[in-house]
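Topology and contacts: notes
One letter stands for each residue in the lines below.
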Amino acid sequence: MTPLPLNRVSRAADTAREALGSFRGTSWLIGGPEGEISHTLRQGLLAAVLIMVGSWGVGWLLMVPGSWMPLHNSLLPLRTTTAGVITCAVLLVVGALLLLRSWLRLSQRIPSWDDAAALPTMRKAVILWGAPMIACFPIFSRDVFSYLAQGGLLSAGLNPYEAGVSELPGWFGVGADELWAESPSPYGPLFLLLAQGIWLITGGVPELSVLLFRLLAIFGVALMLLIIPKLAQTFGSHPAWALWLCLLNPLSLMVFIPAAHNDALMIGLMLTGIWYALRGKRLVAALLLIAAVAVKPIAMVVLPFAVLLTLNKTSSYAHRFREWAFVGALAALLLFGGGWLIGIGIGWFTAALGAGAAVLQGAPVGLLGLGVGWSVELLGGPDHDVVAGWVYAAARLVSAVVLAGLLLQPRLGNPVLWAAYGLTTVVLASSVIQPWYVLWLLPLFAVVHVYRGRVLMLVTLLITVMTLLSMVGQLSVVQWVDSLLVQGIALAVAAGYLLYIIFIDPNTTSLFQLNQPSARWNAAEGWQGLRGLTTTPEASWSAADVYRRTR
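Quick summary incoming for the structure in this document.

Thoughts on the environment of arginine 279
- By the secondary structure assignment, arginine 279 is in the loop between α13 (263-278) and α14 (282-295).
- Judged by relative accessible area, which is 28%, arginine 279 ranks as partly exposed.
- For the pair arginine 279 and threonine 310, spaced 31 residues apart in sequence, the C-alpha separation works out to 7.3 Å.

Laid out in structure tokens, this is it:
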């Protein structure tokens, strides 16, 4: 597309928007030449409603004994006719991209991130945009049904770390993905106990079960809504900006609420543990961080960094090892002892080390392992799966060495930021990278620095592409409707709207310019270019200033 037609189209879009903003029927949504924040909030609410309605036609819905929604008269036209399914798929992707645009425009319409109204506005947006999604059918992922099935396994006296969900009578009807049929659970013992409780309370009825799992996720979101601004204020980032990046992006809202992922609970517990560590509440911090590990074991990567926040200074190796020994002994007692008491042993630990083995290896390391494996096999070497396993093991070893190097650096930087570096290393070294893994990283970076330029643009594009591809790939379409046709139409609409946002929309194109240099900001440092690991110039990171601000 040449610059001249692009400018004409952009001007036409701007003219159309101004015209719609002048009519009584549409001004409440479109606004005037620049509009107000309230218009963007309404657009995000409309986007959430579109996502909600779209999910009723192509979201995951089960028909098992006790369920009442699948045959509801109002849903049948949306789920069983080609026109209804296509309409709902289009509503879903249009809603997701309108939510993306509302998210981007909200950042532009905030006069200043330091403004007293900025933080309440972000909190209002989270509540306003998230509320309709509570009524969504599961979209983006059907892991919530795997949670339910694994709770059923534990209720049946089986060990989810040894038995796949196929051991559960009628497991296919429970909705768990086939890849978990023979695979051990990748979740921690605390979450399995919660899943067992939900199974027992609801009797396995999917509608009630999804609602309770969604409430757990909303509890995690509530923790983030409370703690992220506190941490950002403490470390010198902008609280409103941190909430905008971490909770209002389309990926976070859809993974945490409609999909009811347990990542929300893990992240909420982890950040709350970090906050209490900053306040010197050593035992409470350790318990919360261990609880995060007991929900999803990946939090183990953050734990050894976070516990160092209880120290006034981290320059002493003796003090570091004292904290690691304390939390390690407590974690062993609670996690291994608790696992033994409920009859699952230490399976959660060994299962965590191999988490994702059942998933298609689609990450860079996964593709590298498959490529090397097939090449070696073609040359007469061992089976490709064996060689690929060696590559994955080598990548995990490299990430472990990097983590050890970070933890043992004589001059340690901000432990939260360094936890972000360590967790990023582990994610990049994984043979599988799911879209929601980026949500683990965002808060750890955002509470320490504000980012702008190419780095923020690339994160925005990454979030957008992962959201759309995963959502379209997870459409639930009845067998007599052509799923490829539905997905093709949804992708075409999504691509058209995304191109409009990036290249044509006069208000958002400026956010996607590659010539903007990457930079990060902190109250103590101002704007700086992206560089290597942050360390203090003379000694390890000191919490003295932080303690003065938080006590």
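The structure having been displayed, the exposition proceeds.
With respect to the packing of helix α10 (residues 206-235) against α13
- Two numbers describe how α10 lies on α13: the axes approach to 8 Å, and their chain directions differ by 35°. The two elements α10 and α13 meet at a crossing, and its hand is left-handed.
- Per-class residue counts for the contact of α10 with α13 are 18 nonpolar, four polar and one charged.

Digging into the environment of threonine 272
- Locating threonine 272 in the fold gives a position in helix α13.
- Under the relative-accessibility criterion, threonine 272 is labelled buried at 7%.
- Sequence separation between threonine 272 and methionine 224 is 48 residues; the distance between their C-alpha atoms is 7.9 Å.
- Non-local contacts of threonine 272, meaning those with residues more than four positions away in its chain, are made with Leu223, Ile227 and Leu288.

Quick word on helix α6 (residues 118-130)
- The terminal C-alpha atoms of α6, which comprises 13 residues, lie 18 Å apart, in line with the 18 Å expected from a rise of 1.5 Å per residue.
- Of the residues making up α6, those classed as buried are Ala118, Leu119, Thr121, Met122, Ala125, Val126, Trp129 and Gly130. When α6 is viewed along its axis, its buried side chains cluster within an angular range of 160° and face the same direction.
- Structurally, α6 contributes buried residues whose contacts are with α3 (37-58), α5 (82-109), α10, α11 (239-247) and α12 (250-256).

Looking at the nonpolar core
- Ranked by internal contacts, the top residues of the largest apolar core, which has 157 residues, are Phe213, Phe256 and Ile274.
- Sort the elements by how many residues they give to this core and α5 lands first, with 14 residues.
- The contacts of isoleucine 274, once residues within four sequence positions are left out, are Leu231, Leu289, Val302, Ala306, Leu309, Val416 and Leu444.
- Within the second largest apolar cluster, five residues are counted, among which are Ala388, Tyr392, Ala395 and Ala429.

Notes on the side chain of arginine 214
- Within the secondary structure layout, arginine 214 lies in helix α10.
- No salt bridge is formed by the buried arginine 214. Its closest oppositely charged neighbour is glutamate 207, at 11 Å.
- Here cysteine 136 takes part through its backbone oxygen, which lies 2.7 Å from a polar atom of the side chain of arginine 214.
- At 2.7 Å, the side chain of arginine 214 forms a polar contact with the backbone oxygen of isoleucine 257.
- Those residues within four positions of arginine 214 in sequence are excluded, and the remaining contacts are Met133, Ile134, Ala135, Cys136, Phe137, Pro138, Ile257, Pro258 and Ala260.

Conventions adopted
Residues numbered from 1 in each chain as written. Predicted model: local features only at pLDDT ≥ 70, side-chain atom pairs only at ≥ 80, totals over all residues. Heavy atoms only, no water. Helix = DSSP H or I, 4+ residues; strand = E, 2+ residues; numbered from the N terminus. Buried < 20%, exposed > 50% of the residue type's maximum accessible area, 1.4 Å probe, protein only. Axes fitted to C-alpha atoms, helices over the stretch in contact; angles between N-to-C directions. Left-handed = near helix turned anticlockwise from the far one by under 90°. Nonpolar A, V, L, I, M, F, W, Y, C, P; charged D, E, K, R; others polar. Contact = heavy atoms within 4.5 Å. Expected span 1.5 Å × (residues − 1). Arc of directions from axis to C-beta. Core = buried A, V, L, I, M, F, W, Y, C linked by side-chain atoms within 4.5 Å. Lys, Arg positive; Asp, Glu negative; His and termini not counted. Salt bridge = Lys/Arg side-chain N within 4 Å of Asp/Glu carboxyl O. Polar contact = N/O pair within 3.5 Å; in protein donor to acceptor, adjacent residues only side chain to side chain.

Honestly, it's all geometry; don't read function into it.
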